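One-letter residues, chain by chain:
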Amino acid sequence: MKHLMDITDLTTMQIDELIMTANDIIVNPMKYQDICIRKKLATLFFEPSTRTRLSFEAAMIELGGSVLGFSTSDSSSSAKGESVTDTVQTVGYYADIIAMRHPKEGAPLAASKRTTVPIINAGDGGHSHPTQTLADLLTIQREKGRLSNMTVGFCGDLKFGRTVHSLINALSRYEGIEYVFISPKELVIPDYVKANILDRNNIRYIETANMDEYMPKLDILYMTRVQRERFFNEADYVRLKDSYILTPDRLICAKKDLSIMHPLPRVNEISVKVDDDPRACYFKQVNNGKYIRMALILMLLDISV
Ligand code: CP
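Residues numbered from 1 in each chain as written. Predicted model: local features only at pLDDT ≥ 70, side-chain atom pairs only at ≥ 80, totals over all residues. Heavy atoms only, no water.

A. Fine view of the overall build of the protein. Along the protein, the regular secondary structure elements total 10 helices and 9 strands. Seen through its principal axes, the protein has C-alpha atoms that stretch 55 × 45 × 40 Å. Counting across all 305 residues of the protein, residues that qualify as buried make up 55%. Just so you have it, the protein exposes about 13500 Å², and 51% of that area is on carbon and sulfur atoms. For the protein, the distance from the average position of its 37 positive side-chain charges to the average position of its 38 negative side-chain charges is 2 Å. (Helix = DSSP H or I, 4+ residues; strand = E, 2+ residues; numbered from the N terminus. Buried < 20%, exposed > 50% of the residue type's maximum accessible area, 1.4 Å probe, protein only. Areas by Shrake-Rupley, 256 points an atom, 1.4 Å probe, with all protein chains shown as cover. Lys, Arg positive; Asp, Glu negative; His and termini not counted. Charge placed at Lys NZ, Arg CZ, Asp CG, Glu CD.)

Below, the structure written as structure tokens:
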């Protein structure tokens, strides 16, 4: 594997290997602290980010490497009309590996054809966000001790949420996974996800607008933000944005070992009162994101301890 565009680029064996390396980094950080010395990571972010960009940069620094890049398209020559592919070809002469976020689906894939260095898709439009999925899988593995035999609830914007589509794609490869999709009818899971992943693999799922009815069944509740930036019409966003707000009251009937996840940023969909609940895992996801990205950088640069 040279680039990472989508979670399907990784076999389950490679995902297991990444999780194993990330867990080893967590336990033995000193072993890895100089392993990428003189290597450079470029972060090319054409769309805003806090966690993904900074965790990639922290990951490379903790591996002993250096970072360069930009965090907004208007601080690069794309503001002068330069194409994404020319930008990436250029940066390929300066860096050993590139993490790239772009609002257009497929932009990182197009860019990967024009450079010899590994490109990591750090989120492309509503399509895919494979490194968030890796952070989610590491979190589930650490919380549950397994990636199989679970009922996973996804709640919120299941239409535009790229982290949702990527995680469904990844988890559907494991045994005994069932889903409960909780959303308003305007934000249901796209048909292509149902046809290509769920129906093709005979995976059981329920679609509902009622969060409370299914709460007691869930092992994982994956909350998502309504993706304002993907709406064509502000009035629709305003109408739908607070469709689901997770509060301590709604968790009374949930399992004692439920894991509450969210890729963040959150807006209003999880009350801050839930943060102290031991079942809240969303800041663990943030932290795990750095370790799994360290493992991924090592895999793509073909570096081992
Ligand atoms: N989860 C995630 O992608 O967060 P950022 O948009 O802050 O990178």
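There's more to say after this.
B. Representation of the site of the ligand. Every residue close to the ligand is listed here: S49, T50, R51, T52, R101, H129, Q132, P263 and L264. The separation between an oxygen atom of the ligand and a polar main-chain atom of R51 is 3.0 Å. Considered on its own, the ligand offers 250 Å² of accessible surface; in the complex 91% of this is hidden by protein. Counting atoms within 2 Å of the grid points, the majority share of the ligand lands in the largest pocket. Its residues assigned to classes, the shell around the ligand shows 2 nonpolar, 5 polar and 2 charged. (Near = heavy atom within 4 Å. Polar contact = N/O pair within 3.5 Å; in protein donor to acceptor, adjacent residues only side chain to side chain. 1 Å grid on protein atoms, 1.4 Å probe; cavity = no way out; pocket = protein on both sides within 12 Å on 5 of 7 lines; lining within 4 Å. Sits in = over half its atoms within 2 Å of the grid points. Nonpolar A, V, L, I, M, F, W, Y, C, P; charged D, E, K, R; others polar.)

C. Structural view of the pairing of strand β3 (residues 97-102). Across the 6 residues that make up β3, a large majority, 6, are buried. What you see with β3 is no split at all: I97, A99 and R101 on one side and I98, M100 and H102 on the other are buried throughout. For β3 and strand β4 (residues 119-124), the ladder comprises 4 bridges, and the chain directions are parallel. Bridging across to β4, A99 finds its partner in I120. Between the parallel pair β3 and β4, the chain is carried across by helix α4 (residues 107-112), and the sense of this crossover is right-handed. (Pairing = 2+ DSSP bridges. Right-handed = clockwise from strand over helix to strand, strands pointing away.)

D. The arrangement of the sheet that holds strand β7 (residues 205-208) in detail. In spatial order, the strands read β7-β6-β5-β8-β9; together these 5 strands make up an open sheet with parallel pairing. Strand pairing shows two members of the sheet lacking a second neighbour, β7 and β9 (259-261), which therefore form its edges. Adjacent strand axes in the sheet meet at a mean angle of 15 degrees when their direction is disregarded. Where strand β6 (residues 177-182) meets β7, 4 bridges bridge the pair, whose relative direction is parallel. Across the sheet, residue Y179 finds its bridge partner in β7, namely Y205. In the packing of helix α5 (residues 130-144) onto the sheet, contacts are made with β5 (150-155), β8 (220-223) and β9, and the angle to β9 comes to roughly 165 degrees. Packing of helix α7 (residues 191-199) onto the sheet brings it into contact with β6 and β7, and relative to β7 it is tilted by some 155 degrees. (Axes fitted to C-alpha atoms, helices over the stretch in contact; angles between N-to-C directions. Contact = heavy atoms within 4.5 Å.)

E. Local environment of the pattern of salt bridges. Counted by the stated rule, this structure contains 16 salt bridges. Salt-bridge contacts for E62 lead to K290; the nearest nitrogen and oxygen are separated by 2.8 Å. Linking E62 in helix α2 (residues 51-62) with K290 in helix α10 (residues 282-300), this pair joins segments that are 228 residues apart in sequence. Residue class for E62 comes out partly exposed when judged on its relative accessible area of 33%. Overall, K290 belongs to the buried group, its relative accessible area being 16%. Note that D277 is salt-bridged to R279, the shortest N-O span being 2.9 Å. A single salt-bridge network, built from bridges that share partners, covers K185, E186 and R239. (Salt bridge = Lys/Arg side-chain N within 4 Å of Asp/Glu carboxyl O.)

F. Summary view of the nonpolar core. With 59 residues, the main nonpolar core has L134, F154, I168 and Y179 as its most contacted residues. At 9 residues, α10 tops the list of elements feeding residues into this core. Two domains share this core, each providing at least three of its residues, namely domain 1 (7-128 + 288-300) and domain 2 (131-285). Counting 20 residues, the second largest nonpolar core, distinct from the first, contains L251, L258, V274 and A280. (Core = buried A, V, L, I, M, F, W, Y, C linked by side-chain atoms within 4.5 Å. Domains from an automatic or database assignment.)

G. Focus on the sheet that holds β3. Strand order in the open sheet made by the 4 strands is β2-β1-β3-β4, with parallel pairing throughout. Two strands in the sheet have a free side with no partner beyond their single neighbour: β2 (66-70) and β4. With direction set aside, neighbouring strand axes in the sheet form an average angle of 15 degrees. Both strand β1 (residues 40-45) and β2 contribute to a ladder of 5 bridges, which runs parallel. Residue pairing for β2: T43 is matched across the bridge by G69.

All quantities given are derived from atomic positions and should not be read as evidence of function.
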